[in-house]
Amino acid sequence: MMQTISPPVQWFTLAVIATAEVVLAFSLHQVSWQLWHELLLFYIVTVVAYSVRVPDPRGGAVTPSDVLSYLATYLFNPPTALLVVGTGRTLGYVVSRGWIPWRALLNGAQMGISVAIGALVFSALGGTPGHIDLEKGHLALVAAPLAHQAANNFFYAYSFSRWRGTSLSAIWLVGIRDLFWPNLLHIPTAIFLGILTTRVTAFAIVLYMLLLPFQWRALRLYLGRRQLYAQIVDRLVVAMDVDFPSSGAHARRVAAIAVAIAEEMRLGETHVEAIQFAALLHDVGLIGKVDLLQKHRFDSETSRNFEEHVYVGASIAQELPRKDIGLLVLHHHERYDGQGYPKGLKADAIPLGSRVIAVAEYVDSMRFGLPPYTVASEESDVIAAVRNESGRAFDPEVVDAFLRAVAKGLFVRLGEKTAFIP
């Protein structure tokens, strides 16, 4: 039901659907109806392509339909692109997910509008709908699909930012950055199909359907690697819990706190994910060193042995596909005033994710009396201690975000669910 989403997202959803319907209603006379057989073929292929969905371990699903959307920016004028792609994506959603009216209509509307924007850019830069000019149309051929993707990313970013309470611009720009090269690599395929479709036969688009099983397989392998990546992290966390059972899922709680802080800082999804995994792995270098944790007083040699865990943890984390996670693990014991280890970095020289994890680990260690603390502290004492270390051990901006998260019930949520699984 649409009542389960926030009012801003509801209004945005209705606005997008209404915009698509109004624009289409006033531009139906500009649709290339004379090409009805080509439009019907493209429509059928769109429905089939969007029905091929691969579950994403982080939520939702992806489809091998980007090339078709790019191709539409070349083949059709904006009203035709809006009609064919918008209705095709709507039906594809219904076929694959069932009839959920607002979701199906929103999905079709936002895709139809974004492809129409791409088609508009194609024409504005000198492109002719239905004609691929490799000699003079380089800019139009590249800009049209990228404009479509930027618009589509905006629709996603807006809904996600309003739902999560994070920065629209951060999510939008991060999405564009992360998808830029994959999107760029789809363009040659779209151009090739466009040449075959416009210069050989419209039925050349059927070739795309023949490629769908291979694209589906590629997506499965890619997302399977991502899922395996999360499972590896989880197994390492389990190993830490087994080696140091008295910690009581410390790493998972630290990850939950760090994510809450990162969301309050309105960091992009990619940054939040890196912080989450780094927080889960922040103490992986302590596996096998439980004897160090049982000492209440450290001499210089013991301190050096203990501090080595950040190097060990970072080296383990760097074996994962995302290299930035190892960097966050390496520096999570730095202090904002430069008195931390291993490098003595100060202020903004410390990676932001490490500054977030530093606060999260401090909070959980104090609350549960984990080393170097011997007695669990009250929540009010933890909050006071964190506030007192603002500008010294911790980044004031991170501390402020932590305090906002506390005001919104962070400790209550942690009490309800201490295990945080990626």
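Residues numbered from 1 in each chain as written. Predicted model: local features only at pLDDT ≥ 70, side-chain atom pairs only at ≥ 80, totals over all residues. Heavy atoms only, no water.

Engineer: Is there a simple way to think about the overall build of the protein chain in this case?
Structural biologist: When you go through the protein chain residue by residue, the secondary structure sums to 18 helices and 2 strands. The proportion of buried residues among the 422 residues of the protein chain is 50%. Long-range contacts, defined here as pairs at least 24 residues apart, represent 68% of the contacts in the protein chain between residues at least 6 apart. Accessible surface, the protein chain as shown: approximately 20200 Å² in total, 62% of it carbon and sulfur. (Helix = DSSP H or I, 4+ residues; strand = E, 2+ residues; numbered from the N terminus. Buried < 20%, exposed > 50% of the residue type's maximum accessible area, 1.4 Å probe, protein only. Contact = heavy atoms within 4.5 Å. Areas by Shrake-Rupley, 256 points an atom, 1.4 Å probe, with all protein chains shown as cover.)

Engineer: I would appreciate a short explanation of a nonpolar patch on the surface in the present structure.
Structural biologist: Together, W36, L40, I44 and V48 line one region of the surface with nonpolar side chains, adding up to about 380 Å² of accessible area. Mapped onto the secondary structure, L40 falls in helix 2 (residues 36-51). The class of L40 is partly exposed, set by a relative accessible area of 44%. (Patch = residues over 30% accessible without salt bridge, like charges linked within 9 Å, V, L, I, M, F, W, Y side chains within 5 Å. Salt bridge = Lys/Arg side-chain N within 4 Å of Asp/Glu carboxyl O.)

Engineer: I tried to follow the pattern of salt bridges on my own but got confused; where do I start?
Structural biologist: When their charged atoms lie close together, side chains carrying opposite charge are able to pair. Under the definition given, this model contains 8 salt bridges. With a closest N to O distance of 2.6 Å, D364 and R253 form a salt bridge. With D364 in helix 15 (residues 352-368) and R253 in helix 9 (residues 250-264), this residue pair connects regions lying 111 residues apart in the sequence. Residue K408 is joined to E264 by a salt bridge in which the shortest nitrogen-to-oxygen separation is 3.0 Å. Remark: E264 occurs in helix 9 and K408 occurs in the loop between helix 17 (396-407) and helix 18 (410-416); sequence separation between them is 144 residues. Assessed through its relative accessible area of 58%, K408 is described here as exposed. According to the relative accessible area criterion, E264 is buried, its value standing at 17%. Each of the salt bridges in this network shares a partner with another, and the network as a whole consists of R335, D337, E389 and R392.

Engineer: Explain the confidence of the model for the protein chain here, please?
Structural biologist: Keep in mind that low pLDDT regions are not for reading the predicted coordinates in detail. Across the protein chain, the average pLDDT comes to 79, with 73% of residues at 70 or higher. Per-residue pLDDT stays below 50 along residues 416-422; that stretch engages in 16 contacts with residues further than four places along the chain or on separate chains. (pLDDT = per-residue confidence, 0-100.)

Engineer: It is not clear to me how the packing of aromatic side chains should be interpreted in this structure. Could you clarify?
Structural biologist: For any pair of aromatic rings, geometry is given as the distance between the ring centres together with the angle between the planes. Per the stated rule, a full pass over the model turns up 8 aromatic pairs. Considering the side-chain rings of F12 and F155, the 6.2 Å spacing of their centres and the 45° angle between planes classify their relative orientation as tilted. With F12 in helix 1 (residues 7-27) and F155 in helix 6 (residues 138-164), this residue pair connects regions lying 143 residues apart in the sequence. The same class applies to F12 as to F155, namely buried. (Phe/Tyr/Trp six-rings, centres within 6.5 Å; stacked < 30°, edge-to-face > 60°.)

Engineer: How should I be thinking about the environment of G118 in this particular structure?
Structural biologist: Summarising the element assignment, G118 is placed in helix 5 (residues 101-124). Residue classification places G118 among the buried positions, given a relative accessible area of 0%. Residues G118 and Y74 lie 44 residues apart in sequence; the distance between their C-alpha atoms is 8.5 Å. Excluding residues that lie within four positions of it along the chain, G118 makes contacts with T73, A144, A147 and H148.

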